[in-house]
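Structure assessment
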Amino acid sequence: MATSKVEKAGDLQPVRVETNPGPAQITQWGQVVEIDEAYLRASKTTKFWRSVLFQMILFGALSFVGPAMSDAISNLGGGGLSTPFLANLATSLNYAAGVLITLFGGPLINKFGIKWSCVIAAFSMPLAGSGYYVRARYKVDWYLLFSRIVGGMCGGFLYVGETTAMLSYPDQNDRGLFLGIWSAMRNSGSIVGGAINFSTNYATSSAGGVRWSTYLIFVGFECTGVIWAFMLSPTRKVRRGDGSKVTMSADISWGAEIAALWKHMQRKKTWLIFIPAFYSFFYGGTMGTYLSLHFSVRARALSSFITPTITIPMVMAYGKLLDMKRWSQIQRAWMAFVLWVIPQAGCFIWIGIEYSKYGATRTAFDYLLQPRQWAEAYLPYLFIFTTGYLCQLSLYWILGTFSTDVKSSARTGGLFRAFETLGQTVSYAINSNPRADPRNAFYVNCSMLALTIPCMVLLIRMVPEAPASHDIDVDGPVILGVTEKAD
């Protein structure tokens, strides 16, 4: 290994230059990658157990029984309760608690590890369904709020843990595929939840709340989360298909972790991702309130089934597009951006027209009783929700182009999920006031899209052709594709 200097923004900075790889190493994307020869000689069962594919399946299973079940409840509009306002307040508190954890998620994940962070989150998963069950059956408000706060704090560990894995585990050529698999499995959970919702509420054509027994089924699924979490492999044992190890820099002290996080927060790309991340799931509170106020119970239950069913093939195809080598990474980033921003902009205009017709008046559009009005009001909601997952996947993929190091990715993922959950906190908070005009929250959502577009343009212009393989917040930048003979 040798040292050199690189000129960046007019300054000369000392950097590390990688030497030629040894016999148990290969060079990928201009980076030296260590190969585990013992893994390549291991049994098929061991290789699959430690593979990136199996880890992604397990993360998908955790999302299936955790966030996906919560999404299925949220997709009922107002958590399936007769009015959306208490549910929106609970969800806002849930995300507010999550922000506190995810903001410092990088240091926490780097110290606890991805596996044990997911175990912490898994133990809290049943709180989500039980909170809504207790509220629907016994009219107890405090437990719903308490369960969502605790669930938000513990769930923050899963948010950062799975994001770190998505950014650092896959090979650069397969990142889109694995992101698609993870998102598809998460939405598979929403399909199951949607089927449960629809099968237990298909006969209710009026407005109101879903049956309280619906939530018990969700609790059953959520209780299995600990099984999948304990099956995860520690990061140091995870291997890619060619036997290469996941890049991990050396452990550092808590003080050094906080200093590295502070340095990471000052980077240009960190603040360019703030508005897009804030916006990415902002529509949850706005569109959930729209669904709750304007559609019948069974129309909302059907929606919780239709939305993920359409989303799954979309995210799989989208992931394959992101991996196509015929285009450069910057070209793929532009295509990924265009594919979700144009439909969302058009649908916001469409919903604005619908609001101009019906205002804030509560309706109960039903697909059997008013099929034309239901279709006109529901289709833009459907397009916004499905393309919302494309928005999030594109952000994950873009962030993954900057670094493959686990510890650096943990900081990136933590801040990204903090910004995202902050957006959800604000979205559900401004939709929790029963006296407020729901159109005001919708206008805020539109404004956030307008602010997101220039940030995405600037961020995409920064996308590199090869990511850094070291913790740049600790080690400094690395010259890629340069080799020297060892002395």
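Position labels on residues start from 1 in each chain and follow its written sequence. Given that the model is predicted, a residue must reach a pLDDT of at least 70 before its local features are reported, and side-chain atom pairs must reach 80 or more before they are shown or counted; all residues, however, enter totals for whole chains, interfaces and linings. The basis for every side-chain value is the complete set of non-hydrogen atoms in the structure, without hydrogens or water.

This part takes up the pattern of salt bridges. For this document, the term salt bridge refers to a Lys or Arg side-chain nitrogen within 4 Å of an Asp or Glu carboxyl oxygen. By the definition in use, this model includes nine salt bridges. Its salt-bridge partner being aspartate 437, residue arginine 439 comes within 2.8 Å of it at the nearest N-O pair. Judged by relative accessible area, which is 25%, aspartate 437 ranks as partly exposed. Working definition: with a 1.4 Å probe on protein chains only, accessible area under 20% of the residue-type maximum means buried, over 50% means exposed, and in between means partly exposed.

Before going further, it helps to examine helix H5 (residues 85–103). Where helices and strands are cited, they refer to DSSP runs of H or I of at least four residues and of E of at least two residues respectively, numbered from the N terminus. By this rule, a helix spans an expected 1.5 Å times one less than how many residues it contains. Helix length check: H5 (19 residues) gives 27 Å between terminal C-alpha atoms against 27 Å at 1.5 Å per residue, within 8%. Within H5, 14 of the 19 residues are buried, which leaves it mostly tucked inside the rest of the structure.

Next up on the list: the nonpolar core. Phe59, Leu62, Tyr169, Phe295, Trp340 and Ile398 are the most contacted members of the largest nonpolar core, which has 109 residues in total. No other element matches the 16 residues that helix H19 (residues 371–400) contributes to this core. Residues count as neighbours in contact if any of their non-hydrogen atoms are within 4.5 Å of one another. Among residues more than four places away in sequence, those in contact with phenylalanine 59 are Ile114, Cys118, Gly161, Glu162, Ala165, Met166, Tyr169, Trp182 and Leu232. Buried Ala, Val, Leu, Ile, Met, Phe, Trp, Tyr and Cys residues that are joined via side-chain atoms within 4.5 Å together make up what is termed a nonpolar core.

A cluster of nonpolar residues, Phe112, Trp116, Ile120, Phe123, Phe230 and Trp254, forms a patch on the protein surface that exposes about 640 Å² of accessible area. Broken down by element, the nonpolar patch gets its largest block of residues, three residues, from helix H7 (residues 114–124). By the secondary structure assignment, tryptophan 116 is in helix H7. Among the residues examined, tryptophan 116 registers a relative accessible area of 48% and is labelled partly exposed. Patch rule: a residue counts if its relative accessible area is over 30% and it has no salt bridge; like charges are joined within 9 Å, and nonpolar side chains (Val, Leu, Ile, Met, Phe, Trp, Tyr) within 5 Å. What sets the accessible areas is the Shrake-Rupley method with a 1.4 Å probe; for residues, cover comes only from the shown protein chains.

With that settled, consider the packing of aromatic side chains. Working definition: rings of Phe, Tyr and Trp (its six-membered ring) pair if their centres are within 6.5 Å, and the pair is stacked with planes under 30 degrees apart, edge-to-face with planes over 60 apart, and tilted otherwise. For the structure shown, the criterion picks out 36 aromatic pairs. Ring geometry for tryptophan 49 against phenylalanine 54: centres 5.1 Å apart, planes inclined by 35°, an arrangement best described as tilted. The exposure class of tryptophan 49 is partly exposed, given its relative accessible area of 35%. Relative to tyrosine 378, the ring of phenylalanine 295 lies with its centre 6.0 Å away and its plane at 80°, an arrangement referred to as edge-to-face. On the criterion of sequence distance, the pair formed by phenylalanine 295 in the loop between helix H16 (283–294) and helix H17 (297–322) and tyrosine 378 in helix H19 is long-range, its members being 83 residues apart. Directly above the aromatic system of tryptophan 116 lies the positively charged group of lysine 115, at a separation of 5.5 Å from the ring centroid. A ring is considered to have a charge above it if a Lys NZ or an Arg CZ atom is located within 6 Å of its centre and within 35 degrees of its normal. The ring of tyrosine 367 carries arginine 298 above its face, with NZ or CZ at 5.5 Å from the centroid.

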